[in-house]
Amino acid sequence: MFGCFGNEAVTKTWKAKLSPDNTVFQAEMLAIKAAIEWANTTNEDVNIWSDSESSLQALKSFYVKSKIIQEAQMTLLGNSRIRLGVKAHLGMKGNEIADTLAKEATTDGIPASLPFPKKLPKEPTTTALTLALAS
């Protein structure tokens, strides 16, 4: 799930529902990739904020096997107007909206199919990502 905030308002949202067998990391990466793809279609500077430092570090890695990460990396290489950053959700503007959208994604998100990890998680996954248009 991601939400785009610009000029004090929500301007774009996207939600996906994953299998309970997918990991939080997979959910975070899928949301970041969707945000990158959306940002690539705009003609504006876009800051993508995530609280998933591991996902953002994976995007910087040269040794990646994940197709989702590789595709996101290729889009980022082709668009210098997209910037990524780590930001904790606590006290962040739009956090309440992001949390609401993440909860909604568990029931009415677009069904997304990802390969299951080799080791299955114990609890279902949801994720929230905040996107901001640069001013």
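Look above for the structure.
Anyway, here's the lowdown on the structure attached to this text. (Residues numbered from 1 in each chain as written. Predicted model: local features only at pLDDT ≥ 70, side-chain atom pairs only at ≥ 80, totals over all residues. Heavy atoms only, no water.)

A look at the overall build of the chain
For the chain, the count of helices and strands is four helices and seven strands. The burial tally for the chain puts 47% of its 135 residues in the buried class. Residue pairs at least 24 apart in sequence account for 79% of intrachain contacts in the chain once pairs closer than 6 positions are excluded. (Helix = DSSP H or I, 4+ residues; strand = E, 2+ residues; numbered from the N terminus. Buried < 20%, exposed > 50% of the residue type's maximum accessible area, 1.4 Å probe, protein only. Contact = heavy atoms within 4.5 Å.)

A short note on the packing of helix α2 (residues 53-60) against helix α3 (residues 67-77)
Direction vectors running N to C along α2 and α3 enclose 70°, while the axes themselves pass 9 Å from each other. The angle between α2 and α3 falls in the class roughly perpendicular. The handedness of the crossing between α2 and α3 is right-handed. Two secondary-structure elements touch here, α2 through Ala58, Leu59 and Lys60 and α3 through Ile69, Ala72, Gln73 and Leu76. A per-class count over the contact of α2 with α3 returns five nonpolar, one polar and one charged. (Axes fitted to C-alpha atoms, helices over the stretch in contact; angles between N-to-C directions. Parallel < 35°, antiparallel > 145°, perpendicular 65-115°, else oblique. Left-handed = near helix turned anticlockwise from the far one by under 90°. Nonpolar A, V, L, I, M, F, W, Y, C, P; charged D, E, K, R; others polar.)

Section: the pattern of salt bridges
Summed over all chains, the structure comprises four salt bridges. The salt bridge involving lysine 33 is made with glutamate 71; its shortest N-O contact spans 3.0 Å. Placement of the pair is lysine 33 in helix α1 (residues 24-41) and glutamate 71 in helix α3, with a sequence separation of 38 residues. Judged by its relative accessible area of 13%, lysine 33 is buried. Among the charged side chains, a network of salt bridges with common partners joins Lys33, Glu37, Lys67 and Glu71. (Salt bridge = Lys/Arg side-chain N within 4 Å of Asp/Glu carboxyl O.)

Details of the side chain of asparagine 47
By secondary structure assignment, the location of asparagine 47 is in strand β4 (residues 46-50). Exposure remark for asparagine 47: the relative accessible area of 17% places this residue in the buried category. Of note is the side chain of asparagine 47, whose polar atom sits 3.0 Å from the side chain of arginine 83. (Polar contact = N/O pair within 3.5 Å; in protein donor to acceptor, adjacent residues only side chain to side chain.)

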